[in-house]
Amino acid sequence: MKNGEIKIETDMEHEIEVDEVSEGLNPHAQVCLQHLLRVWLGFERDLAKVPLLRRIDLGTYTAEDHQLFLLNIRQQVIEGSRWITRTASSFDRDHAEIRSTVISHAVDEHRDYEMLEKDFVASGGRLEDILNMERNIGSEALHGFLMHKSSQPNPIDLLGAMWIIEGLGEKMATSWAERIQELTGLGKDSTRFMTYHGHNDSEHMERFYATLDSVCTDEKAIRRIVKTAKVVARLYRLQLEELEQSGE
Amino acid sequence: MYITSTGIFLPGPSIAVEEVENILGAVHGKPSSLRVQIQKANKIQTRHYAIDENQQTTHSNTEMAANAAEQCLDRAFIGREKVGMLAVASTQGDLPAPGMASMVQAELELPEIEILTTHGICSSSIMALKAAWNSMRLEEHEAALVVSSELASRLLKKQRYEAATTSTFATKRIDFSTEFLRWMLSDGAGALLLQNKPAPKGLSLRIDWIRAFSHAHALPTCMSVGSAGRTEDKRTWQDYNTYAEAEKDGALLLRQDVRLLENLMRMGVDGYLRLVEEGVSNPSKVDHFLCHYSSHHFRNKILELLDRAGVGIPEEKWWTNLYTRGNTGSASLFIMLDEFLRTDEVSIKEGESVLCFVPESGRFNTTYVHLTVVSQ
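Residues numbered from 1 in each chain as written. Chains lettered and ligands numbered in written order. Predicted model: local features only at pLDDT ≥ 70, side-chain atom pairs only at ≥ 80, totals over all residues.

**A short note on the overall build of chain B**
Each helix and strand in chain B was counted, giving 15 helices and 14 strands. Taking 376 residues into account, the globule formula puts the C-alpha radius of gyration at 21 Å, and chain B, at 20 Å, falls close to it. Overall, the C-alpha framework of chain B stretches about 60 × 55 × 40 Å when taken along its three principal axes. By the burial criterion, 51% of the 376 residues in chain B qualify as buried. Counted over contacts in chain B with a minimum sequence separation of 6, partners at least 24 positions apart contribute 83%. (Helix = DSSP H or I, 4+ residues; strand = E, 2+ residues; numbered from the N terminus. Rg over C-alpha atoms; globule rule 2.2 N^0.38 Å. Buried ≥ 20, exposed ≤ 12 C-beta atoms within 10 Å, placed from the backbone. Contact = placed C-beta atoms within 7 Å.)

Okay, here's the thing in structure tokens:
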């Protein structure tokens, strides 16, 4: 079980950086965040039941599992930059500030899939396999939904989608990457996509909260954002549940 | 329904951090390489054990439970004949069968009462409390006694580890999962008296609601006794040919999968937010927060998020005696409530609300109790 456990102490000792918490959200944004937290925690709990991911918890995850994971996730990462850029173009002049935020977010992430391809090769996969991989059923559904939503005028509810996808990025970086290396014996170069997401996380989240505060100002906005988060969580899980069905 | 009296029993002298290994014993005479690190992380300064430095039991679990119950009854304003129900919680009673409540009833000599034994880990005391509270709400009893007692040290003494010669503990250089709780848990008992009216003098605690959410359906087992701790090995201790083989294989060692622990905090927050969402709990009206885990375990992004979402509970409202009384599992909250009502560290006023949170890592059961301070 090597170093993973030694880390526990530093986790427990981790101090909150209080100065980041002080800027307050408006009351609607606060309620929205309460709901989003529950959607996230439910999503995370559901992910623990997905067989391939459960193997991370149980300690039986293999290099083959990791290849399968990367193989299936790539399509969504490529499409991710498409729906984000489309989201930006769907905001009108009254939402210029959000549009700028979304554009800069898209710039940060639109080549991420290349890193993921390298991770796949470093995990023992063949480049042509990942380049030729089709979207699985869940990726189709997720992509279809996100492209539809991002084409709507002023799609503020996609904050719910970002919440889930950013949250997962953070989970990969903090909970999965190191554990996967430990379980599979693969090197750091097999989890760069996962760890890279952790680096940008706090900056992304600060932007997220600022945007939430500016757009979530009534009950209707809360409902839209939370519902989209729920749909994305469900479809993302479908994508991960379909991992082991791919290629059939 | 009201908590009108409390009592505790903490066995033996208070044991300091550096004395702990003298009591539990150094395995094969060799000091643990993990002790200091784990003790530093849990920050528990003193605790109590019902075993002596030769690992001989000084008090049975039943005796500890009965002692706490006696103190609780001695402090009550009613005679013990009014007690119609005894609910007892423990992770492991002295006997696998019958239920511990039978043994405690016998020790207390309470005649012809209804009994209940709850089995689980930390949250079993809340299960017992809820069942007793519900019986009271059905007006079946005027008074009920709820007792929780833990004697974890018998599981943690050096002989257990020395006997586990083919276990993960013996074969791994460092086996965090079998050692983590060794430096965490200790012994003690707490008792609460429930009545259908407040005590005639002093403060009582009205039970407003008790809720619990278990997540065993989703997550693997995190804290357990009874398996060898190997994913591929499905046997439990009773599936070995002899108990001796089970012990040898480490199937009787107490285990904690520390990697899964962060889920406990997350599920705790989920339940808390659910109660807020349902309008059951109002964070802005919580005056005191008693948590079975100390706040530093929660110093994490998720607490920061609760603050940001406007539902965090400020640090100054948290109160615990975990650092001085030890982590006594299911008994912790009762031991905490007893001291909370007596300590000068906090001032408690009529009308104030007390939110209690007892998460159980076993297979992720999270329990919440809401109380209001009242006087007659």
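Next comes the rest of the account.
**Some thoughts on the overall build of chain A**
Within chain A, the secondary structure is distributed over 11 helices and 0 strands. What you see in chain A, going N to C, is helices and strands ordered as α-α-α-α-α-α-α-α-α-α-α. Going through the 248 residues of chain A one by one, you find that 40% of them count as buried. Within chain A, contacts between residues separated by at least 24 positions form 83% of all contacts whose residues are at least 6 apart in sequence.

**What about unusual backbone geometry?**
Residue and element names in this part refer to chain B. For the peptide bond that leads from alanine 97 to proline 98, omega is 0°, which places it in the cis range. Summarising the element assignment, proline 98 is placed in the loop between β4 (83-90) and α4 (100-108). Positive phi is not limited to glycine here, since glutamate 139 has a value of about 60°. Tracing the backbone shows glutamate 139 in the loop between α5 (124-137) and β6 (143-150). In this model, phenylalanine 364 sits at a positive phi of 65°, which is unusual for a non-glycine residue. Summarising the element assignment, phenylalanine 364 is placed in the loop between β13 (353-360) and β14 (365-375).

**Considerations on the sheet that holds strand β8 (residues 203-214) of chain B**
All names here are of chain B. In space, the 10 strands of this open sheet follow the order β5-β4-β6-β7-β1-β8-β14-β13-β11-β12, with mixed pairing throughout. This sheet does not close on itself; its edge strands, each paired only once, are β5 (114-119) and β12 (318-319). Where strand β1 (residues 2-9) lies against strand β7 (residues 188-195), 7 bridges are found, and the strand directions are antiparallel. By the bridge assignment, serine 5 is partnered in β7 with leucine 193. Where helix α3 (residues 61-74) meets the sheet, its contacts fall on β1, β4, β6 and β7, and the angle it forms with β1 comes to roughly 135°. Where α5 meets the sheet, it contacts β4, β5, β6, β7, β8, β13 and β14, and its direction lies at approximately 165° from that of β4. (Pairing = 2+ DSSP bridges. Axes fitted to C-alpha atoms, helices over the stretch in contact; angles between N-to-C directions.)

**Observations concerning the environment of proline 283 of chain B**
Within the secondary structure, proline 283 of chain B is located in the loop between α11 (262-277) and β11 (288-291). As for proline 283 of chain B and isoleucine 51 of chain B, which are separated by 232 residues in sequence, their C-alpha atoms are 41 Å apart.

**Some details on the packing of helix α4 (residues 63-90) of chain A against helix α8 (residues 137-150) of chain A**
Residues and elements named next belong to chain A. At a minimum axis distance of 8 Å, the contact between α4 and α8 shows a crossing angle of 10°. Taken together, the axes of α4 and α8 are roughly parallel relative to one another. Of the residues in α8, those in contact with Gln75, Gln76, Glu79, Trp83, Arg86, Thr87 and Ser90 of α4 are Ser139, Leu142, His143, Leu146, Met147 and Ser150. Per-class residue counts for the contact of α4 with α8 are 4 nonpolar, 7 polar and 2 charged. (Parallel < 35°, antiparallel > 145°, perpendicular 65-115°, else oblique. Nonpolar A, V, L, I, M, F, W, Y, C, P; charged D, E, K, R; others polar.)

**Focus on the pairing of β4 of chain B**
Residues and elements named next belong to chain B. In terms of burial, β4 is a largely internal element, 7 of the 8 residues being buried. Both β4 and β5 contribute to a ladder of 6 bridges, which runs parallel. Among the inter-strand pairings, methionine 85 is bridged to a residue of β5, identified as glutamate 114. Note that the unit made of β4, α4 and β5 has a crossover that is right-handed. (Right-handed = clockwise from strand over helix to strand, strands pointing away.)

**Side note on the nonpolar core**
One recurring pattern in soluble globular proteins is that nonpolar side chains are buried together. The biggest cluster of nonpolar side chains holds 102 residues, and the ones touching the most others in it are Ala69, Val104, Val146 and Leu194 of chain B. With residues up to four places along the chain from it excluded, the contact list for alanine 69 of chain B reads Gly7, Val104, Leu108, Leu145, Val147 and Ala191 of chain B. Formed by 68 residues, the second largest nonpolar core is a distinct cluster that contains Ala29, Ala173, Phe193 and Ala229 of chain A. (Core = buried A, V, L, I, M, F, W, Y, C linked by C-beta atoms within 7 Å.)

**Considerations on the confidence of the model for chain B**
The predicted model of chain B averages 95 in pLDDT, with 98% of residues at 70 or higher. Interface confidence for the predicted complex, given as ipTM, is 0.86, next to a pTM of 0.90. (pLDDT = per-residue confidence, 0-100.)

**Overview of α5 of chain B**
Residues and elements named next belong to chain B. When the terminal C-alpha atoms of α5 are compared, their 20 Å separation across 14 residues agrees well with the 20 Å that a helix rising 1.5 Å per residue should span. Of all 14 residues in α5, 10 are buried, a share of seventy percent or more. Residues of α5 that are buried: Ser124, Ser125, Ile126, Met127, Ala128, Leu129, Lys130, Ala132, Trp133 and Met136. Of the residues one or two after α5, glutamate 139 is the one with positive phi, at around 60°. (Expected span 1.5 Å × (residues − 1).)

**Observations concerning the pairing of β8 of chain B**
Residue and element names in this part refer to chain B. As judged from the 2 bridges shared by β1 and β8, these two strands associate in the antiparallel manner. Each residue of the ladder has a partner; that of tyrosine 2, found in β8, is arginine 206. Judged from the 11 bridges that link them, β8 and β14 form a sheet pairing that is antiparallel. Counted as the bridge partner of leucine 205 is valine 373 from β14.

**So, the packing of helix α2 (residues 27-47) of chain A against helix α11 (residues 219-241) of chain A**
Residue and element names in this part refer to chain A. Packing of α2 against α11 leaves a shortest axis separation of 10 Å and a crossing angle of 15°. Looking at the two axes, α2 sits roughly parallel to α11. In this structure, α2 crosses over α11, and the sense of that crossing is right-handed. Here His28, Val31, Cys32, His35, Leu36, Val39, Phe43, Asp46 and Leu47 of α2 come into contact with α11, specifically with Ala221, Ile222, Ile225, Val226, Ala229, Lys230, Ala233, Arg237 and Leu240. Broken down by class, the residue content of the contact of α2 with α11 amounts to 13 nonpolar, 2 polar and 3 charged. (Left-handed = near helix turned anticlockwise from the far one by under 90°.)

**Things to note about α11 of chain B**
Note on helix geometry: an α-helix contains 3.6 residues per turn, so any two residues three or four positions apart are oriented the same way. The end-to-end C-alpha separation of α11 of chain B is 23 Å, in line with the 22 Å expected for 16 residues at 1.5 Å each. The complete set of buried residues in α11 of chain B reads Asn263, Leu264, Arg266, Met267, Gly268, Val269, Asp270, Gly271, Tyr272 and Leu273 of chain B. Those residues of α11 of chain B that are buried are in contact with α2 of chain A together with β8, α13 (301-308), β13 and β14 of chain B.

**Quick word on the environment of leucine 142 of chain A**
All names here are of chain A. Positionally, leucine 142 belongs in helix α8. By the C-beta count within 10 Å, which is 27 here, leucine 142 ends up buried. Distance in space between the C-alpha atoms of leucine 142 and aspartate 129 is 22 Å, their sequence separation being 13 residues. In contact with leucine 142, other than residues within four places in its own chain, are Gln76, Leu235, Tyr236 and Gln239.

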